[in-house]
Every structure is written in structure tokens, then in C-alpha cells.
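Residues per chain, in single letters:
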Amino acid sequence: MVTVTRGYRAFQAVNAVALAGVVLVTLFPFVNIVARSFSGEQEIRAGQVTFWPKGFNLTTYERVMSDALFWTNYRNTVVYTVVATAIALVLTTCYAYVLSKKNLKGRGLLVGIAVFTMFFNGGLIPNYVLVSTLGLRNSLWAIVLPNAISVFNLLVMKAFFESLPSELEEAAAVDGSGTYGTLLRIVLPLSKAVLATMLLFYAVSFWNSWFAGFLYMDRQELFPVTVYLRNLIAGATAGTDNTASSEAALQIAASIQAVTIVLTMLPIMLVYPFIQRFFVSGVTLGAVKG
Amino acid sequence: MIPLTRRHLLTAAGAAAVAGLAGCGDDEPDAKEGLDGKRAGAMDAFKVGDQFKATEPLTFSIMMLSNQTYPYKADWPFLTELTRRTNVSLEATAVPGSDYNQKRSVMVSAGNAPFIIPKTYHPDEEAFIAGGAILPVSDYVDLMPNYSDKLARWNLQPNVDGFKAENGKYYLLPGLHENVWQDYSLAVRTDIMDKLGLTAPQTWDDLANVLREMKKAYPDRYPLSDRWSTPPQPGGNNLINLVGTAYGARAGWGWTPAVWDAAAGRFVYSGAMDQYRQMLEYLNKLVTEGLVDPESFTQTDDNARQKFAAGKSFVMSCNAQTLVNEARKDIAKIPGATVAKMILPTGPMGATLPGYNRLENGIMISKKAAESKNFVAMMQFIDWVWYSDAGQLFSKWGIEGQTYSGSIEDGTFKLDPGVKWAGLNPDAPKGLQVDYGYSNGVFSYGGSTKLLSTQFSDEEKAFQAEMNKRKAQPVPPPAPLSAEEREQVTLWDSALKDHVFQNTLRFILGQRPLGEWDAYVKELEGKNSTKYLDIVNKAYERYKKAHG
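Residues numbered from 1 in each chain as written. Chains lettered and ligands numbered in written order. Predicted model: local features only at pLDDT ≥ 70, side-chain atom pairs only at ≥ 80, totals over all residues. Heavy atoms only, no water.

Asks: Please clarify how the overall build of chain A should be interpreted in this entry.
Replies: When helices and strands are counted, chain A shows 14 helices and zero strands. What you see for chain A is a C-alpha radius of gyration of 24 Å, clearly larger than the 19 Å of a compact globule of 290 residues, by over 25%. Each principal axis of the C-alpha distribution contributes one length, and for chain A these read about 75 × 70 × 30 Å. Out of the 290 residues in chain A, the part that is buried amounts to 40%. For chain A, the share of sequence-separated contacts (at least 6 apart) that also reach a separation of at least 24 residues comes to 72%. Total accessible area on chain A is roughly 15,800 Å²; 69% of this is exposed by carbon and sulfur atoms. If the 19 positive side-chain charges of chain A are averaged to one point and the 13 negative ones to another, these points end up 10 Å apart. (Helix = DSSP H or I, 4+ residues; strand = E, 2+ residues; numbered from the N terminus. Rg over C-alpha atoms; globule rule 2.2 N^0.38 Å. Buried < 20%, exposed > 50% of the residue type's maximum accessible area, 1.4 Å probe, protein only. Contact = heavy atoms within 4.5 Å. Areas by Shrake-Rupley, 256 points an atom, 1.4 Å probe, with all protein chains shown as cover. Lys, Arg positive; Asp, Glu negative; His and termini not counted. Charge placed at Lys NZ, Arg CZ, Asp CG, Glu CD.)

What follows is the structure, given as C-alpha cells:
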């Protein structure tokens, strides 16, 4: 057994205390939000809610969840996120894999085209006109296609592929594997970490996005839930043109933001533990080459 | 490998810029084209009092603001009944209220907007005029008998003239109020007034005396601690606005840079007017005497409410809604406490109210609509729904015998007990807005004083009756700026406004003595207030010459 010096033990203790402090500090806002979401209006306004709900109240949850439109939009978000993430993963992988091949002709141009879009874009109205003219409005594709490849994610993935030893692929080629065979059977199984990372990046960004849905959808039953909740928050906090006045309205105004945050965060939080182990190595992978 | 050089990027960027510019053009149309061939479905002799009904089933596209508290439903009884009565169906683009303006802006700019674009607040429509995507509706008001009738009867033409662009046309059909609707005033603790034997103040000077008495009885408190201090205005925005109106100045929420001076026949700079100084002097006096909480101008609404709730202050800004929903609930814990909306005190301007807010938000019409063969029918439809007495009553309260009973003319109007709206019938099973779609802010606003009064509680009716005795102050003449002028004055305006707002606060709080008023006016001149006025006055003269 390795003997532990006193200094090291002291270090560990300090470490534990410091880290616990960090955990507390990061966790507190979240716990506070959850507590607020279950608290009464008076208590929230008076600033009495910290870790635990005070004046337990479910009015806001009931109001939000009893609306059929909320569930329709929630379902939309799930569908949009799943489809968009799947497509984004496939397209980004294809593009990144190609770009990782140093002997590819025109590679610089292909990288340039991608990077160009990081710094320049057509702007809001031209994008809207483009999507409209392509007939994508009021369809899933208006959300999926324009955001299918995130250049940042593309570059991360490209760096990852570049860091894979090329001998592996050469060996596969010697054994008679074609390009797609090599990608599917050799490269991708070795890339679970980066795939998980991309999955999370894309899923979170599609889950949270509201603007594309807001812009390209003209019917409420097509909106993602983020648009629904955003509208609810605006209505509850603005108070203008708001003739529906009652205890319930005041309660909703007080806790709607907290409820919204909890409701939208929940699914992504549930996914997180399952891919977290890939996630940590994935983000740093490709960061250092050599 | 082809390296991506800087030249490639520049070429691409240049091409994009050219393409972008080519898209913009100033294609202001020639006045009104003939309406022949655009009368399909229209009524032949549509006039005031007629029920509009299209002669064939029609569909018009409309931008539908989906309100947070009553999200849009395509199957609202309101819309079904509307179709039954008018033979018109609406094809709605539902837009969440939170970001309505942004989507409107994108759709109009992209040439993709529906025919009817409601819920537009002046001067938002000005941004779209140059693009040529919206219709100068003033050319077509003769198709709208109800609108024209109300405009004339309620003497609103001068107000609408203020919406005109340089070419003498306006692009927004505003909602029309018969009278000024003064909703805002001060909430006062009536139990304290009674306890101290104080009578309701008639003038702002009376109010100062009331506050003094309160201070005498409770020397450790500020009798008035106010709310509504959200920027960009200086703070205490309702209070400053109300006092300003009484002195003939435009301040706080009512701020506008150029104010019409009828005696001199020209516009003067608002923040440099003597009336503005008088308003500051009055408020400064209240603050230095300890009658008004200096934090009134910076604190959050919640803070102000907490002070009021704790009995640390007795007077606070309110409107009909916040009086009932907030002030009254907040003081519920103080035994015997009562609160009421104070009849708005008057000042040197006498028993008047600002006349400029008799127009509501309104409707823009897509240029495309004017090419439709159903254009005339559409204008008649809009005229009936938004401007006829029957249409306004219908969109506000629904169907007689179903959602309401009685008549608004003889004051027997009553909301059906099974229907709840705002504070009325709070326990009823169905909501007028949520379940029926009536009183929807997209369709229902403005109208006659009688129609408006149906929505008030008895308490509020008494307040409004008093307010309706007051005369509306005349509105300024039109002085529409050209696009370049607007750009120029906007540059000056922000610097000027910042300076005025900062100093408004400093003067009120006594951080700057009012003896320095002249120096302050000089400072404004140094920030181009004179040049600003020159442009506005030139625009006024130019418009007067061209359009009389």
C-alpha cells in the first residue's frame, strides 16, 4: 500500500472543500430555479425562495401543461431535434472526413467555403427569401437544412479525424476495404467520443433553438416548444394588452421563467449522463495534436 | 489545392453587395390606379350602418398576433361567426406576440407579407414606406365609409395628418378613440386621507399639500414613492408624464423632442421649454421637502410596490389594472387600508388631457392586395370589422344573447354570467378571449366612449366620467421628414435625449440647481437642438406649402 503523506492528505481535504464549493456555486442557481418553479407568487416576489419551494404552488405547471398546444409543440421539438441531429451528424461526418484527407484535391477551397460562412452570411431577409423560394417554409426542412452543418463542429471533427493514425486506414485498404467500408467499419467505431460530442452539441443547439422555428413556421401547431414558452414568458412579464387578470395570472407571471427553464432542460438533462463519459474526452480530443 | 485568396473573398463580397443593392428600389406608385376589375365580391353601395357581406365567399390572408394569454385558435367562435356574417374567411399566419415586430419586418421586407397586417404602432410603418411593400391607405379611404365617418365625426383628421409622410399620404389605418382615454393616475391610500381629514386634491399644488400633511403625520416616511422607472426615459416616467401634461410639457412616457408652440407658430425643443422647467421645479420642490422618495426615479417596480405594501408610502402611480391587481392586493395585509385611483389633478393647462393619443395601433395593407380582384371587398371588410359600430361591438363582446345581453346605448349592457373577462365573472367556466376569441387585441380596440365604458368597473366608470369632462389638447400640425432628414435628426436626437434625461433627473433630485437652467439650455444648443428644430420647422413649412 502506498503511504500517504500528511501534506497530501491536507491537499486532498482542501481540494475536496474547494471543489465542493464549486459544485455548490454551480448547482445553486439550478436548485434555486427548481425551487422557484414550485413556489407561490408572494414568496417569490418577497425573495424568500432559496433552496426549497415556499408556498408550494403548481398553478403555472398546470397552466402550461394543460394546454394541448404545449404538447403539440413539445412533440415538434422532439421530432425536429431527432431528425435534425441525425441529419447534421451524417452530413458533418461526411464533410469532415473528406476534409481530413490531406491528399484531397481542392481541399483548401472546401475548407475555405465552410470557413467563409463563419464570417459572412446573407443576412436575415435573404435567408428568409431563399428558404421561402425553395418551398421549405412550414416544413421540418426549414429548420433542419440551413443548420445541418455547423462549421465549428465540422472543424472539431476534422481535427479528430486527422489525429487518427493513417496506418489504420492504409491497413484497411490493403485488406481490400473501399472508402465507405473504411469509414463505416474502421474510422467511425474509433470515433465514438467525437460522435457523442457532436450528438450532444447538435442536440442541445436544436433543442434550444427557437428562431428558425419562429421565422419559418406560419402555423402554431408547427412551432417548437421554445417559441411557445418564449411567448408565454413575454406575455407574463410584459403585462401590456393583458386583460386576463387574476390570481393565476400573477402566479404565472412570478414563476413562469423558472417553470420554463425546468421544462426545457429536463429532457436534455436526462440524456446527459448517458453520453457524458464520451463527452469529456471528446471535447479535448483533437484539441492537441502531435 | 486552390488557395482561397483575399481577392476571392472581396469579389464575392462585392457581388453580394451589388445583388443586395439591386434588390432595393424606390418604386413609389403613381397615385391610385383604377379600381375596375377589383370589385369582385364587393358590395355595390356599402355605407355606414350596412352589414358587410361579400357577394361570394372570399379568403384574405392576415398576420395574426397570437397573444400569450389567449393563443390564436383557428376554430374560435368569433372567426366562425365572422365568416357567417361577412362571407369572408381569414387565412392566418400565426405569429407569437413576443416577436411579432421582427417577423412582420422580415415578411414585409421579403415581399411575403399577408394582405392584412394589423397590430402596427405608429411610427413603425415608416420603416416600410421606402421599400414600397405597403399601400398608402389614405388613397383608398373613400372605400371605407365607417372609417371616414368616424374620422370626421370625432374630429380626428388632424391626428391622422400627423401620420402622413412627405408625399401627403399615410400608410397605416389607425384605431380611433372617440375621446382621450386617460387610464393612468396615482393610487392613494384613502384610509390615510380620511384619518388625516384630507380632501381629494384638485390641482397638483393641492396634491403637494396633501403630501405635506401626510409627511407631518408620518415624518419618517416618504408619502409618495413611485414606480415605472424603466429606461430609456429618465425614471418616474408616469409621474413626470402626468405633471408634464399639467404644465404643458411632454416628459417621461410622453416625451417627444419637438413640441408645437401654437402662439409662435413653430416647433420648439421640448426639453428647453419653460413649461418643462416648471415641471422640474414642481417635482424638485416635492423631493427637497421630503414628500417624494428620491428613489422613485431609479427603483424597480417591485421595490416601489413593497414600500406601498408595507405602509411606508401612501401614493404610487397606477392604472385601472394595477390598482385592482397589485395595489389593492398588496395592501390587503394592512388592517383597514383602502386604496383608490385619484382623479387626475390639474395644472396651469387647466382641465385638459393630451390629445395626441386618441389613435391606437392600426393596420397596414400589403401593396400586393391592391392588385387582387377582391381589393374593394377587402377594404369594405376591414371597414366593417374594425370601424363600424356593429363590427366593433361584435369583435369586442360577441353575440347578443350568447356572450352578452342588453345594449351599450342605454347602459344596460351586461356580460353573460357564464363568461369571464378581466375582472368580470372571475369564476365563470369560459373565457371571452381564450375560448371565444372576442376582445382580441388584433381586432378589438378603439371605438366610442360608450363602447369603451362597457369594460369598466363602476369605480373606474366614475373616474372616466370625470376624465371625459376634460378637453383634449390640440395636436401638432404635420411636419413629415424626408428619409435623409430623419437620419440626420436621429443622430442628434440620441445625444440630445440623453442630455435632457440625465439633467431632468439631476434637476429633480437637486443635484443640479435650477438656477443653472439657462446654462443647460445652452448645452442643448451645443448639441444641435437649434439645428434639429430648423429641420423640423422647415419640414412643417414645406408640408404646409405643398399640402395646405
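Asks: Mind showing me how you'd approach the sheet that holds strand 5 (residues 185–189) of chain B here?
Replies: Pairing between the strands of a sheet is mediated by backbone hydrogen bonds and can be parallel or antiparallel. All names here are of chain B. A sheet is described by the order of its strands in space; here three strands give the open sequence 8-5-9, paired in antiparallel fashion. The open sheet has two edge strands with one neighbour each: strand 8 (315–318) and strand 9 (339–341). Within this sheet the neighbouring strands show an average axis-to-axis angle of 30°, counted without direction. Here strand 5 runs beside strand 8; their pairing, made up of four bridges, is antiparallel. Residue V188 lies in a different strand from strand 8, and its bridge partner there is V315. Against the sheet, helix 12 (residues 320–330) makes contact with strand 5, strand 8 and strand 9, and its axis sits at roughly 170° relative to strand 9, the strand it touches most. (Pairing = 2+ DSSP bridges. Axes fitted to C-alpha atoms, helices over the stretch in contact; angles between N-to-C directions.)

Asks: Before we go on, may I ask you to explain the side chain of B:D493 in this structure?
Replies: All names here are of chain B. Its place among the elements puts D493 in helix 18 (residues 483–509). Accessibility expressed as a relative area gives 15% for D493, which makes it buried. The contact partners of D493, leaving out residues within four places of it in the chain, are P257 and Y532.

Asks: Is there a simple way to think about the pattern of salt bridges in this case?
Replies: When their charged atoms lie close together, side chains carrying opposite charge are able to pair. Residue and element names in this part refer to chain B. Applying the stated criterion across every chain yields a total of 39 salt bridges over all chains. The salt bridge involving E289 is made with R212; its shortest N-O contact spans 2.6 Å. Of this pair, E289 sits in the loop between helix 10 (274–288) and helix 11 (301–309) while R212 is found in helix 8 (residues 204–217), placing the two residues 77 residues apart along the sequence. For R212, a relative accessible area of 26% translates into the label partly exposed. D220 is paired through a salt bridge with R221; the nearest N and O atoms lie 3.6 Å apart. Exposure remark for R221: the relative accessible area of 27% places this residue in the partly exposed category. Salt bridges sharing common partners tie together R227, D301, R305, E326 and D330. (Salt bridge = Lys/Arg side-chain N within 4 Å of Asp/Glu carboxyl O.)

Asks: Hey, could you run me through the environment of B:N284 in this one?
Replies: All names here are of chain B. Relative to the helices and strands, N284 is located in helix 10. Sequence separation between N284 and Y520 is 236 residues; the distance between their C-alpha atoms is 16 Å. N284 has contacts with F507, I508, L509, G510 and L514, leaving out every residue within four places of it along the chain.

Asks: Explain empty space enclosed by the protein here, please?
Replies: By rolling a water-sized probe across the atoms, one finds the places where empty space is left. Counted under the stated rule, the structure contains four cavities of 30 Å³ or more. Lining the largest cavity are 15 residues, and of these A:L69, A:Q220, A:Y228, A:N231 and B:P71 lie nearest its centre. Of all the secondary-structure elements, those providing two or more residues to the lining of the largest cavity are helix 4 (68–99) and helix 13 (225–238) of chain A. When residues of the lining of the largest cavity are assigned to their parent elements, the largest contribution, four residues, is made by helix 13 of chain A. Considered class by class, the residues forming the lining of the largest cavity number seven nonpolar, six polar and two charged. (1 Å grid on protein atoms, 1.4 Å probe; cavity = no way out; pocket = protein on both sides within 12 Å on 5 of 7 lines; lining within 4 Å. Points joined across faces, edges and corners; volume = space filled by probe spheres on them. Nonpolar A, V, L, I, M, F, W, Y, C, P; charged D, E, K, R; others polar.)

Asks: Could you clarify how one ought to interpret the layout of surface pockets in this entry?
Replies: Residue and element names in this part refer to chain A. In this structure, the second largest pocket occupies an estimated 900 Å³ of space. Forming the walls of the second largest pocket are 34 residues, and the residues nearest its centre are N127, L145, P146, N147 and A148. Residue assignment for the lining of the second largest pocket shows that the elements contributing at least two residues are helix 4, helix 5 (107–119), helix 6 (124–133), helix 8 (151–163), helix 11 (192–208) and helix 12 (211–216).

Asks: What's the story with the domain arrangement of chain B in this structure? I'm lost.
Replies: Accessible area lost on assembly of the parts is the figure often given for the size of an interface. All names here are of chain B. Structurally, chain B comprises domain 1 (38–180 + 359–388), domain 2 (185–251 + 269–353) and domain 3 (394–472). Its C-alpha centre places domain 2 at a distance of 29 Å from the equivalent point of domain 3. At the interface, 15 residues of domain 2 touch eight residues of domain 3. The tally of links between domain 2 and domain 3 comes to two salt bridges. Here E460 ties to K341 by a salt bridge, and the two come within 3.0 Å at their closest N and O atoms. Between the two partners, domain 2 and domain 3, sit five residue pairs in polar contact (both at pLDDT 80 or more). Of all the secondary-structure elements, those providing two or more residues to the side of domain 2 that touches domain 3 are helix 12, strand 9 and strand 10 (352–353). Among the residues forming the side of domain 2 that touches domain 3, the class breakdown is 10 nonpolar, three polar and two charged. (Domains from an automatic or database assignment. Polar contact = N/O pair within 3.5 Å; in protein donor to acceptor, adjacent residues only side chain to side chain.)

Asks: What am I meant to see in the confidence of the model for chain A here?
Replies: Predicted coordinates in areas of low pLDDT are best not read in detail. Chain-level pLDDT for chain A is 85 on average; 90% of the residues reach the 70-or-more range. Counting interchain partners and residues more than four positions distant, the pLDDT-below-50 stretch residues 239–245 of chain A has 18 contacts. (pLDDT = per-residue confidence, 0-100.)

Asks: Mind showing me how you'd approach the interface of chain A and chain B here?
Replies: Taken together, the contacts link 39 residues of chain A with 40 residues of chain B. Both sides together, the interface formed by chain A and chain B hides about 3,300 Å², and carbon and sulfur atoms give 56% of it. Seen at the junction of chain A and chain B, the total is two salt bridges. Of the charged contacts, one joins A:D218 and B:K103 as a salt bridge, the two residues approaching to 3.1 Å between their closest N and O atoms. Where chain A touches chain B, the interface holds 13 residue pairs in polar contact (both at pLDDT 80 or more). Listed by contribution, the elements that provide at least two residues to the side of chain A that touches chain B are helix 2 (41–45), helix 5, helix 6, helix 12, helix 13 and helix 14 (247–284) of chain A. By residue number, the principal contributor to the side of chain A that touches chain B is helix 13 of chain A, which donates six residues. (Buried area = accessible area lost by both parts, 1.4 Å probe.)

Asks: What exactly am I supposed to notice about the domain arrangement of chain A here?
Replies: Residues and elements named next belong to chain A. Examined at the domain level, chain A breaks down into domain 1 (1–57) and domain 2 (60–284). On a C-alpha basis, the centres of domain 1 and domain 2 stand 31 Å from each other. With 12 residues of domain 1 at the interface, the matching set in domain 2 holds 13 residues. Counting each side, the surface lost to burial between domain 1 and domain 2 is near 940 Å², with a carbon and sulfur contribution of 69%. In this assembly, domain 1 and domain 2 are joined by one residue pair in polar contact (both at pLDDT 80 or more). Elements supplying a minimum of two residues to the side of domain 1 that touches domain 2: helix 1 (6–37) and helix 2. Take the side of domain 1 that touches domain 2: its biggest share by element is five residues, from helix 1.

Asks: Honestly, helix 20 (residues 529–547) of chain B in this entry has me stumped. Any pointers?
Replies: Along an α-helix, residues three or four apart share an orientation, since each turn contains 3.6 residues. Residue and element names in this part refer to chain B. Here helix 20 contains 19 residues, and its C-alpha end-to-end distance of 27 Å stays within 8% of the 27 Å for a straight helix at 1.5 Å per residue. Buried within helix 20 we find S529, Y532, L533, I535, V536, N537, A539, Y540 and Y543. Tucked into the core, helix 20 has its buried residues touching strand 6 (258–261), strand 7 (266–269), helix 18 and helix 19 (517–526). The first or second residue beyond helix 20 is G548, which carries a positive phi of 80°. (Expected span 1.5 Å × (residues − 1).)

Asks: What should I look at first to understand the pairing of strand 3 (residues 116–120) of chain B in this one?
Replies: All names here are of chain B. Summarising burial for strand 3: five of the five residues are buried, a large majority. Of the pairings in the sheet, the one linking strand 3 to strand 11 (residues 359–365) comprises three bridges and is antiparallel in character. Bridging from a neighbouring strand, I116 pairs with I365 of strand 11.

Asks: What am I meant to see in the packing of aromatic side chains here?
Replies: For any two aromatic rings, the description comes down to two numbers: the centre-to-centre distance and the angle of the planes. One pass over the structure, following the stated rule, counts 50 aromatic pairs over all chains. Their ring planes at 80° and their centres at 6.1 Å tell us that B:W204 and B:Y282 sit as a pair that is edge-to-face. Pair noted here: B:W204 is in helix 8 and B:Y282 is in helix 10, with a separation of 78 residues, a long-range link. In this structure B:W204 comes out as buried when scored by relative accessible area, which is 1%. The exposure class assigned to B:Y282 is buried, which follows from its relative accessible area of 2%. Taken together, a centroid distance of 6.3 Å and an interplanar angle of 35° make the contact between B:W384 and B:F394 tilted. Highlighted residues: B:W384 in helix 13 (residues 375–387) and B:F394 in helix 14 (residues 389–397), separated in sequence by 10 residues. With relative accessibility at 2%, the residue B:F394 sits in the buried group. Counting every residue linked through ring pairs, the aromatic cluster contains B:F78, B:W384, B:W386, B:F394, B:Y436, B:Y438 and B:F443. Over the aromatic face of B:F394 sits the side chain of B:R85, whose NZ or CZ is 4.3 Å from the ring centroid. For the cation-ring pair, B:K103 lies above A:F214, with the distance from its terminal atom to the ring centre recorded as 5.7 Å. (Phe/Tyr/Trp six-rings, centres within 6.5 Å; stacked < 30°, edge-to-face > 60°. Lys NZ or Arg CZ within 6 Å of the ring centre and 35° of its normal.)

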